[in-house]
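# Coordinate analysis (summary)
Now for the letters of each chain:
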Amino acid sequence: MPASTWGEPEIDGDDAYPSALLKHLLGQMIVQFAAYGACIALLDERIDQMKIQAHIRLRSVNTQASSFDKPAKRRLTLHLENGTSSTSSGRGRTTEPQQQYELEDVSHIQSDLFAPGSTYAIGQDLIGYTWLKGETFILRHEDYLNAAFRANISPILHTDVTPSCYLAVPIQESTLIDDLRGRKRTTNIMGVILLYQVNTGPGTGFQQKQRSEAITQAEQVTLYLQNDRLQRSHQRSSEYLQRLQEISTVFPSSVTLAELVKNIYRSVSQIVDISSMLLTLYDRDRDKIYDVFAMYNGMHVEGLTEQPYIRSKEERPVWWQVAQKEKRLLHFSPVQEPRKANDYDELLTGTWGDQRQVESFLLLPMKMFNRVIGTLSLTSMRPNAYHPEEIQVLETMVQIVTVNIENAKLYERDRLLLQEAKQREAQLAAINSALQVIGSGLNVTELLNNLVKSVAVLVNVEMCVFFQLSPTKDELVTHTIYAPVIIRQQDDGSARPALASHHNQSVPDELINMVRLPIKGTILEQRLNEGFFYLDTPQLEELAQKGGEAVTIFLQETQIQQMLMIPMSYQTELVGILGVPTPKDIHFFRPKDIGSLLAICAQATSAIRNAQLFEQREEAYAELQHLSKLKDEFLVTASHELRTPLSAISGYSTLLRRKSSRISPSQILRFATKIVGATEQLINLVSSMTEAAQMGGEDKKLELHIEPVHVLSAVEIASTMLTMNAEHKISYDIDQNFWVGADVTRFRQVLSNLLENAVKYSPPESHVYLSSTSMTLGEAAALLSDDQFDPTLLEGEDYPVVLTRIHDQGEGILPDDQQRIFEKFVRAPRSLTTTVRGSGLGLYICRRYTEAMGGKLWLERSVANEGSTFSFYLPRVDPPTMTGEQETGEQETL
């Protein structure tokens, strides 16, 4: 049969990082370190060497600058590929004329020094040496040429530009998540960044203090790269999840072996690249090994489905050792690992031809709990064709196939056993119905509710419990119960009718979670690796003694005497245990009932894992939707706020040009004033955007200088800095003894922004009132809005703070917008229709600075057409002890 009949395999995309991202990151480092050029080498796991992915340098676009003398004083403006400009001013000073540069790619024709595509083994050249040591190095060109790591490299360099100094920085894989979770993990080197200068003379070259700066910048590069890799991983996970959902609907419809193997090949070829495939099954009753399906170089090996290739375990000792004894996955490259290829020669030859010259080999055991019913073997001519994520998807698919193969076997046996035909058909119908109910949703809680209910109905019991493994893995927590109401009703003499008894499958979580079965040191620890087991009355009482009062009450109320326990594991990881109490008159379930429950649990375990993956994808999708919403709001705000000043500038400039010959000086002054005002408005808008961008994410710590600040002096200065206070009355009531711990500049900025908003959105002749009150942190926490309340604040409720309120008499803020106004680029809808301009960033910036200074900012009260009250608190501190001259200087600073 030709390969086209079976479907062509899909080829995975390239996993390389985007070139534009790498060049953008290098461009930023060129700016920061006043370098002439830079390159980045990333680890290529296929060859276990560092490979140059990008090499860029500066290209002058200003002919007025003819040299690179005094780099510490020059100012570079780099036009990066994304259209933005990055500026560096050396050591903080700017000289004229300004030098402006663009980035250009360096090809191997221009220079063979760190040319793109070059590879370096560990310890080879400067990149390999940095990889080996894992340290940052500063090296002059003369020392580089004479270094020991260039002993076997030609000293002749073909390059149009000769560097004078190098700065090599290793890119170390981030362990932030592991550190936060308290896990220890070895830091791996992802790559190396190499910066170089061409300056010569005194004061040139990289400085030692730049080593720590380079490490910090390299950490940011690491986060960029890992974020890019994570996004691509999420995309692949979404695709894999969709394919698993498709697979889950395909396989249950496959009853015959011929149809089943066709679906297996189609599904596998959609996930990974395969050149050959072999499906091997083991019959426990006959103790024989069957090759039932094979593909060789894309061609179907005919006849195996009807007449399988049969061998005994003595004839297939290697397969028996790997599949039945070790029961493990096998993954290696026969070409690159000839010793393994020799050890597993039996697996690489036979029905599916000679596979000893392929690049990738993968064998997946088909496990049904603790036994293996067969294996699925794949090969590919591509190196590293099977990645961990793909192997995980294949294992899930194989588990689904295994369950369906077992179902197919049951179907065949039922057809042969005529006496039990009808009963078997009813049993299989019940299993399929339960599986459809269980797999009908992707909500974990709903899925487990369906599971316990389906199991209870299937085996005709009144109760079923699912115990979930706790995060600490030392106990089982009751997650879901399907049972009658366990509260016994007694006549209280009220003459009220008794409540109707009903099955309750949604007992409150706080009651369910109190029932916890310990694992360590109990019978559960000894029997978790079994496919199923029973707990009798003495064993249940032992668990009750070690589990506490909640377990004792649970067993007493439910009157459980014996319970069937089925551990549910995904691959080798325990997910939970399904507990099914036996009926009072029956001590054990029938074997066919247990087989049905095992099949349902196997399918449910995969469904639970799929649901967990789906929830993770939904969370990631919600985050992307939030970011997309922020982008749309930014576009609306930016287009709305930029249009007015730009129109003013364009209009008055046009008038000046048209009436230049007959315009009066007073008109020129008026037009120029309008243009200057619109320009300042644009500058303020861009400054707010820049400041918000520099703040970074919510988890980024802002660098502030905290010191005692006099509240009254800061308010007086902030009120004098307002641009729109001529028609408003501003008053304040502040105790002159109030001092707070804050950054004086940012504290004034917060006050100015809040006062500016109060004035802008209040009618003329209205009153703006500012007050400060001393109170404890606990009292301030009671005033917080719901989105700002933090239970940890109550731990320091006696801590003194100063609460500041700014009240205006504006039109108020709608309830739906009272929390959104603190987000980036968000303005209340009514404010968009006014003549007042704004970027939607002021409150966001104020909140970030307030929280960075140890306080909270929120909207305390807002009433339509009456006004709003914005409140914030900061820690109260004692006034500084200083001399009279110092105090005068401090007041002047404020």
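Higher on the page you've got the structure.
Residues numbered from 1 in each chain as written. Predicted model: local features only at pLDDT ≥ 70, side-chain atom pairs only at ≥ 80, totals over all residues. Heavy atoms only, no water.

### Focus on the overall build of the protein chain
- Scanning the protein chain for helices and strands turns up 24 helices and 30 strands.
- Buried residues in the protein chain amount to 46% of all 894 residues.
- Excluding contacts between residues fewer than 6 apart, the proportion of contacts in the protein chain whose partners are at least 24 apart in sequence is 69%.
- Surface summary for the protein chain: the accessible area is close to 46400 Å², and the carbon and sulfur share equals 50%. (Helix = DSSP H or I, 4+ residues; strand = E, 2+ residues; numbered from the N terminus. Buried < 20%, exposed > 50% of the residue type's maximum accessible area, 1.4 Å probe, protein only. Contact = heavy atoms within 4.5 Å. Areas by Shrake-Rupley, 256 points an atom, 1.4 Å probe, with all protein chains shown as cover.)

### Brief notes about helix α16 (residues 537–547)
- Those residues of α16 not exposed but buried are Gln539, Leu540, Leu543 and Ala544. The buried residues of α16 occupy one face: seen down the axis, they fall within an arc of 145°. In α16, those exposed residues whose orientation departs by more than 90 degrees from the buried face are Pro538 and Gln545.
- Each element contacted by the buried residues of α16 is listed here: β20 (516–518), α15 (523–527), β21 (533–535) and α17 (549–558).
- Where α16 begins, one side-chain oxygen reaches toward the backbone nitrogen of Gln539, 3.1 Å away; that side chain belongs to Asp536.
- Where α16 ends, the next residue or the one after it, Gly548, has phi of about 105°, a positive value. (Arc of directions from axis to C-beta. Polar contact = N/O pair within 3.5 Å; in protein donor to acceptor, adjacent residues only side chain to side chain.)

### As for the packing of helix α21 (residues 744–760) against helix α23 (residues 842–852)
- For the pair α21 and α23, the least separation of the axes is 10 Å and the interaxial angle reads 145°. Between α21 and α23 lies a crossing whose hand is left-handed. Contact residues: Arg746, Gln749, Val750, Asn753, Leu754 and Asn757 in α21; Gly842, Leu843, Ile845, Cys846, Tyr849 and Thr850 in α23.
- Per-class residue counts for the contact of α21 with α23 are six nonpolar, five polar and one charged. (Axes fitted to C-alpha atoms, helices over the stretch in contact; angles between N-to-C directions. Left-handed = near helix turned anticlockwise from the far one by under 90°. Nonpolar A, V, L, I, M, F, W, Y, C, P; charged D, E, K, R; others polar.)

### Details of a positive patch on the surface
- Taken together, the side chains of Lys659, Arg662, Arg670 and Lys674 define a basic patch exposed on the protein surface.
- Note that Arg662 resides in the loop between α18 (591–658) and α19 (665–695).
- A relative accessible area of 61% means that Arg662 is categorised as exposed. (Patch = residues over 30% accessible without salt bridge, like charges linked within 9 Å, V, L, I, M, F, W, Y side chains within 5 Å. Salt bridge = Lys/Arg side-chain N within 4 Å of Asp/Glu carboxyl O. Lys, Arg positive; Asp, Glu negative; His and termini not counted. Charge placed at Lys NZ, Arg CZ, Asp CG, Glu CD.)

### Considerations on the pattern of salt bridges
- With the rule as written, the count across this model stands at 20 salt bridges.
- Residues Arg57 and Asp160 are paired through a salt bridge, measuring 2.6 Å at the closest nitrogen-oxygen approach. Of this pair, Arg57 sits in strand β2 (residues 49–60) while Asp160 sits in the loop between α4 (141–145) and β8 (165–172), and the two are 103 residues apart along the sequence.
- Put simply, Asp593 and Arg590 hold a salt bridge, and the shortest N to O gap is 3.1 Å.
- Residue classification places Asp593 among the buried positions, given a relative accessible area of 8%.
- In this structure Arg590 comes out as partly exposed when scored by relative accessible area, which is 42%.

### Remarks on the side chain of Asp125
- Here Asp125 is to be found in helix α3 (residues 125–133).
- Side chain to side chain, Asp125 and Tyr144 meet in a polar contact 2.9 Å long.
- Asp125 has contacts with Phe114, Tyr120, Tyr144, Phe149, Arg150 and Ile153, leaving out every residue within four places of it along the chain.

### With respect to the environment of Ala864
- Inspection of the secondary structure puts Ala864 in the loop between β29 (856–863) and β30 (867–875).
- For Ala864, a relative accessible area of 54% puts it in the exposed group.
- Each C-alpha atom, one on Ala864 and one on Gly812, is 4.6 Å from the other, the two residues being 52 residues apart in sequence.

### Some remarks on unusual backbone geometry
- The phi dihedral of Gln559 falls on the positive side, at around 55°, and the residue is not glycine.
- Summarising the element assignment, Gln559 is placed in the loop between α17 and β22 (563–570).
- Unusually for a residue other than glycine, Asn865 sits at a positive phi of about 65°.
- Topologically, Asn865 is positioned in the loop between β29 and β30.

### Considerations on the packing of aromatic side chains
- For the structure shown, the criterion picks out 17 aromatic pairs.
- Residues Phe114 and Tyr166 carry aromatic rings whose centres are separated by 6.3 Å and whose planes lie at 75° to one another, so their mutual orientation is edge-to-face. Of this pair, Phe114 sits in the loop between β5 (99–105) and β6 (119–120) while Tyr166 sits in strand β8, and the two are 52 residues apart along the sequence. Each of the two residues, Phe114 as well as Tyr166, counts as buried. (Phe/Tyr/Trp six-rings, centres within 6.5 Å; stacked < 30°, edge-to-face > 60°.)

### With respect to the sheet that holds β29
- One open sheet holds the five strands; their spatial order is β25-β27-β28-β30-β29, and the pairing between them is mixed. Only two strands of the sheet have a single neighbouring strand rather than two, namely β25 (729–733) and β29. With direction set aside, neighbouring strand axes in the sheet form an average angle of 20°.
- Sheet topology note: the β25/strand β27 (residues 767–776) ladder contains five bridges and is parallel. (Pairing = 2+ DSSP bridges.)

### Points about helix α8 (residues 317–326)
- When α8 is considered as a whole, its buried residues turn out to be Trp319, Trp320, Val322, Ala323 and Gln324.
- Trailing α8 by a residue or two, Lys327 shows a phi angle of about 50°, which is positive.

### Description of the state of the cysteines
- According to the stated counting rule, one finds zero disulfides in the structure shown.
- Left without a disulfide partner, Cys601 is nearest to the cysteine sulfur of Cys464, which lies 8.0 Å away.
- Judged by its relative accessible area of 0%, Cys601 falls in the buried class. (Disulfide = S-S within 2.5 Å.)

### Digging into the packing of helix α20 (residues 711–720) against α21
- The contact between α20 and α21 brings their axes to 9 Å, and the two run at 50°. Taken as axis vectors, α20 and α21 run oblique relative to one another. Helix-helix and strand crossings are classified by hand; for α20 and α21 the assignment is right-handed. Residues Val711, Ala714, Val715, Ile717, Ala718 and Ser719 of α20 form the contact with α21, whose participating residues are Phe747, Arg748, Leu751, Ser752 and Leu755.
- For the contact of α20 with α21, the residue count by class is eight nonpolar, two polar and one charged. (Parallel < 35°, antiparallel > 145°, perpendicular 65-115°, else oblique.)

### Some details on the nonpolar core
- Phe114, Leu126, Leu195 and Leu225 are the most contacted members of the largest nonpolar core, which has 52 residues in total.
- Elements with a contribution of two residues or more to this core: α2 (19–32), β1 (37–44), β2, α3, β7 (137–140), β8, β9 (189–197) and α6 (210–250).
- Top element by residues in this core is β9. It accounts for seven residues.
- Not counting residues within four places of it along the chain, the set of residues in contact with Leu225 comprises Tyr17, Leu21, Leu22, Leu25, Leu42 and Met190.
- Listed in part, the 39 residues of the second largest apolar core include Leu751, Val802, Ile821 and Cys846. (Core = buried A, V, L, I, M, F, W, Y, C linked by side-chain atoms within 4.5 Å.)

By themselves, these figures tell us nothing about what the structure is for.
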